[in-house]
Amino acid sequence: MINTHALRISRICLLLAFSLGPAAQAADTPTITVSKSDTIALAFQPITGPDGPAITRVLESDLAATGYFTLSSPGSASLIVAGSSSGSQLDGKVSDHGGRSAVAGTYNGDTRAKAHAFANDIVQTLTGNRGIAGSRIAFSATRTGRKEIYIGDCDGSALQQLTHDNSISVGPSLSPDGHLLAYTGYKAGYADIYLVNLSTGSRDRIIKYPGTNSGAAFSPGGDRIACTLSKDGNPELYVCGLNGSARRLTHTSGVESSPTWSPGGDEIIYSYDDHGGPQLFRISSSGGSGQQLSTGFGYCTEPDWSPDGSKLAFNVREEGSFSVAVMDLRGGSARIVASGERPVWGPDSRHLIFSDDGVLYLMDVQTGRKKAIVSGLGRATEPTWAH
């Protein structure tokens, strides 16, 4: 929710100076004030140009999904979204009824890329938060009869099958910039970790120690992977370079799994099971002793640290079924927000994607609103989301 009495659009001076040139910088630049509201009311003036209707549809979907905006009629809206598209270029603007500009920019790419970029600029400028439009997800699905990795946009569009191993491909992890993907593959007959360059399509088996190599999770810098290896006998937590070099973090008699990095890369939260039901632990990424988190639940797995560092999403199992829980890492409280499993945060630290009965859902944690984004691919599970 927008909790201030008024939302001042502080970036307008910069945007107008950019769009109007040096002469405008000397003039007084107006500031648009959006009155306090749970959401900001927007109206659309259809984007003009050959792909204008398609851009308008994508924009409306992107902005409605954020939870920050209400799509209204021009008479009741605070701001009007408009623009013109020609070829690979979109000139977009958001203005009030007096014509004063709140957002103005030029966006390039194909139809969806232009719309996503404009949507994210609107979110950033009007709310100060990151947008999720066009961000990439990956997941495992069984459409072919085998578990393979699929990739697409966070709204379930532009999906494509990434692996064709015809074996078992699970546990995908996207690098923060979305250019690399690591996953656990059984193509060689046992569990190894593969790295795919999504720009070139190249694939390498980077972690192939004797035993099980699984559960890869990229560091915030994208240059390291936390994972579970059993090369020394017991499944333990390791930090590995992209060249396969491994440094052991834990030394226990139980099983460590499902690591997730803090936004700064200095800590890791993971699931630890020593025959008493898995619990969540926190450890320095340079090593040391793990410290248990007090979640209030007896069975906790698959943690995911929010990009803003304030929250943790994880699985809870009660009476044989899985639920998604969210914990405030500053206050320590945790609550169940939905049925399902394997939750992952979006770039805005507000939305989650998780699996429930083989369908992937996108959920706004703040409002509780959710919608199915991936279905019809067999069982879709284990989502990952580039930040």
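Refer to the structure above for everything that follows.
First, a word on what this report is: a plain description of the structure on this page. Predicted model only: the values in this text are computed from it and were never measured.

For the structure on display, the rule yields nine aromatic pairs. Measuring from centroid to centroid gives 5.4 Å for tyrosine 183 and tyrosine 194, while their planes differ by 15 degrees, and the two rings are stacked. Residue tyrosine 183 is found in strand S12 (residues 180–185), and its partner tyrosine 194 is found in strand S13 (residues 192–197); the two are separated by 11 residues along the sequence. Here the two residues tyrosine 183 and tyrosine 194 agree in accessibility, since each one is buried. An aromatic cluster is present here, built from Tyr270, Tyr272 and Phe281 joined pairwise through their rings. Above the ring of tyrosine 209, the side-chain terminus of lysine 231 is found at 5.2 Å from the ring centroid.

Let us now look at helix H4 (residues 111–127). If you check H4, its first and last C-alpha atoms are 24 Å apart, about what 17 residues at 1.5 Å a residue would give, namely 24 Å. Among all positions in H4, only Lys114, Ala115, His116, Phe118, Ala119, Asp121, Ile122, Val123, Thr125, Leu126 and Thr127 are buried. Positive backbone phi, at 80 degrees, marks glycine 128, one or two positions downstream of H4.

What follows is about the sheet that holds strand S14 (residues 203–207). Read across the sheet, four strands follow the order S11-S12-S13-S14 without closing on themselves; strand pairing throughout is antiparallel. Each edge of the sheet is formed by a strand with only one pairing partner; in this case those strands are strand S11 (169–174) and S14. Each adjacent strand pair in this sheet contributes to an overall mean axis angle of 30 degrees, direction not counted. Sheet topology note: the S11/S12 ladder contains four bridges and is antiparallel. Note that in S12 the partner of valine 170 across the bridge is threonine 184.

A word on the pairing of strand S16 (residues 224–229). Buried residues dominate S16, accounting for five of its six residues. Inspection of the sheet shows strand S15 (residues 213–218) paired to S16 by four bridges, in the antiparallel sense. Bridged to asparagine 213 within S16 is leucine 229. Taking the residues between adjacent antiparallel strands as the criterion, S15 and S16 are bridged by five residues, where glycine 222 takes a positive phi near 75 degrees. Summarising the sheet, S16 and strand S17 (residues 236–241) pair through six bridges and their orientation is antiparallel. Its bridge partner lying in S17, isoleucine 225 is registered against cysteine 240. With antiparallel pairing between neighbouring strands as the criterion, S16 and S17 make up a hairpin whose turn holds six residues, including glycine 233 at a positive phi of roughly 115 degrees.

Oppositely charged side chains are able to pair whenever their charged atoms sit close together. Evaluation of the coordinates by the stated rule reveals 17 salt bridges. Put simply, aspartate 364 and arginine 350 hold a salt bridge, and the shortest N to O gap is 2.9 Å. A residue pair is termed long-range when its members are at least 10 positions apart, and aspartate 364 in strand S29 (residues 359–364) and arginine 350 in the loop between strand S27 (341–345) and strand S28 (351–356) qualify at 14 residues. Using a relative accessible area of 2% as the deciding quantity, one classes aspartate 364 as buried. What makes arginine 350 buried here is its relative accessible area of 6%. One network of salt bridges, in which partners are shared, links Arg112, Arg136, Asp153 and Asp155.

Glancing now at unusual backbone geometry. Backbone geometry places alanine 158, a non-glycine residue, at a positive phi of 55 degrees. Positionally, alanine 158 belongs in the loop between strand S9 (148–153) and strand S10 (160–161). By relative accessible area, which is 47% here, alanine 158 ends up partly exposed.

What counts as what
- Residues numbered from 1 in each chain as written.
- Predicted model: local features only at pLDDT ≥ 70, side-chain atom pairs only at ≥ 80, totals over all residues.
- Heavy atoms only, no water.
- Phe/Tyr/Trp six-rings, centres within 6.5 Å; stacked < 30°, edge-to-face > 60°.
- Helix = DSSP H or I, 4+ residues; strand = E, 2+ residues; numbered from the N terminus.
- Buried < 20%, exposed > 50% of the residue type's maximum accessible area, 1.4 Å probe, protein only.
- Lys NZ or Arg CZ within 6 Å of the ring centre and 35° of its normal.
- Expected span 1.5 Å × (residues − 1).
- Pairing = 2+ DSSP bridges.
- Axes fitted to C-alpha atoms, helices over the stretch in contact; angles between N-to-C directions.
- Salt bridge = Lys/Arg side-chain N within 4 Å of Asp/Glu carboxyl O.

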